Amino acid sequence: MKVSKRDILILVGFIGILFFFVAFYWVFLPAQEKVEEMQAESIQLKQQITDLTIKTNNKETYLTEMDKMIKEIQDIYQVFPVNVKAEDVILMAINQELVSPMVVDSVNIEQLVPVSFEELVPPEEEHDYTYDLGENDVLGVDDEPLDSDGDAVAAEDSADAEIDWLYNRKATFNYGVSYEGLKRSIRHIVDQPNRMTIETLTVTFDETTGLLIGSTTLNMYLAPYQAGKEYVQPDFSSVLLGTDNIFGTISIHGEAGLPDVGDMETEGGAENTGD
C-alpha cells in the first residue's frame, strides 16, 4: 500500500494534535493546579509568618497578661473552700442561731453534686471549655475527683472520670425567727468568706408565737482542685455539747418545799423504830 505525502502530513498533524491534548490534560493542567495550591499555601504561610512576627514582638505583653490572668484566677479560687462537709453546715446553723438569733428546728443536708458551667453561663455568652490531662500532668494529692460525701475517689475508680471543677452542697435550714433576726441572718450569710448563695427563702407569720416560721436553702460551693490548699476542720470548741440532765428541768405544781427522798426515808424509819 502506497501512502501519499499528503496522508503522512495529515497523520503527523493528527498525532501532534493528540500529543498536545494529552500533554495539556495530563501534564499542564495538573502542574497548573499544583502551582495554584502552592501559591495559596504560600499566601497562608506568609500570613502565619506575619502573625507569628507580631506575637513574637508582643511576647512580653502576652506573658504579662498571662501572669495577670493566672493571678485573677487564683484570687477567684480563694473564695471557694476545697470541701464543704456536713459538719460545716451544722456549724453554719449554730452560728445562725447565735447571730440572728433564731431557733433552728432542723437542717437538711443534701449530697455533694458537680456544678455545670452551662447553667452558669448565659446563652448569649456560651463558650466551650476543654481541659485535657496529659500523661505527666498532676493535679496534686488532694485533687482527685470527689464522691457525694466530698471525699476523694480512688485512683482506679477515677481514671476515666470526667473532671468537675466546681461542686455544690445544698443545705436547707428550718427555723423560727423574728423579723429583725431574719435580716441579721441574711446579713450573716452575705458576710461569709466562702462562696454561697441563697436559692430560696420562705417565711410565714405565726400568730400564736408572733415569730416568722420559715426555711432558707443555701447553695454552698467548693472548688477542690487548688494546689497547696487543704480542708480545714470546723472548730466546735465554743459550742456547748451534751447536758448534765438528759431529762431537762421539769417543775411540778406542789413540788416546792417537799423534803428529799432520803430525808423521807430517814424520818419514816425513825417513826417505825419508835413504835
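The present account deals with the structure reproduced in this document. Bear in mind that the values here come from a model prediction, so they are computed numbers and not experimental data.

### Focus: the packing of helix 3 (residues 86–99) against helix 6 (residues 179–190)
No. 1: Look at helix 3 against helix 6: their axes get within 9 Å of each other, and the N-to-C directions meet at 135°. Taken together, the axis directions place helix 3 and helix 6 in an arrangement best described as oblique. Along this stretch, helix 3 crosses helix 6, giving a crossing that reads as right-handed. Contact residues: M92, N95, Q96 and V99 in helix 3; R184, S185, H188 and I189 in helix 6.
No. 2: Considering only residue class, the contact of helix 3 with helix 6 consists of three nonpolar, four polar and one charged.

### With respect to the pattern of salt bridges
No. 1: Taken as a whole and assessed by the stated rule, the structure comprises five salt bridges.
No. 2: Here D75 makes a salt bridge to K71, at a shortest N to O gap of 2.9 Å. Linking D75 with K71, this pair stays in helix 2 (residues 59–78), spanning four residues, or about one helical turn.
No. 3: Residue classification places D75 among the partly exposed residues on the basis of a relative accessible area of 40%.
No. 4: The partly exposed category is assigned to K71, whose relative accessible area is 45%.
No. 5: For the salt bridge of R187 with D191, the shortest nitrogen-to-oxygen distance reads 3.7 Å.

### Things to note about the side chain of N168
No. 1: Note that N168 resides in strand 2 (residues 167–177).
No. 2: Polar side-chain contacts of N168 include one of 3.2 Å to the side chain of N219.
No. 3: With residues up to four places along the chain from it excluded, the contact list for N168 reads Q111, L112, V113, V115, N219, M220 and Y221.

### Remarks on the pairing of strand 4 (residues 211–222)
No. 1: Across the twelve residues of strand 4, ten count as buried, placing the element largely inside the fold.
No. 2: Judged from the ten bridges that link them, strand 3 (residues 196–206) and strand 4 form a sheet pairing that is antiparallel. Its bridge partner lying in strand 4, M196 is registered against M220.
No. 3: Connecting strand 3 to the next strand, strand 4, in antiparallel fashion are four residues, including G210 with a positive phi near 75°.

Reading the values: rules and limits
- Residues numbered from 1 in each chain as written.
- Predicted model: local features only at pLDDT ≥ 70, side-chain atom pairs only at ≥ 80, totals over all residues.
- Heavy atoms only, no water.
- Axes fitted to C-alpha atoms, helices over the stretch in contact; angles between N-to-C directions.
- Helix = DSSP H or I, 4+ residues; strand = E, 2+ residues; numbered from the N terminus.
- Parallel < 35°, antiparallel > 145°, perpendicular 65-115°, else oblique.
- Left-handed = near helix turned anticlockwise from the far one by under 90°.
- Contact = heavy atoms within 4.5 Å.
- Nonpolar A, V, L, I, M, F, W, Y, C, P; charged D, E, K, R; others polar.
- Salt bridge = Lys/Arg side-chain N within 4 Å of Asp/Glu carboxyl O.
- Buried < 20%, exposed > 50% of the residue type's maximum accessible area, 1.4 Å probe, protein only.
- Polar contact = N/O pair within 3.5 Å; in protein donor to acceptor, adjacent residues only side chain to side chain.
- Pairing = 2+ DSSP bridges.

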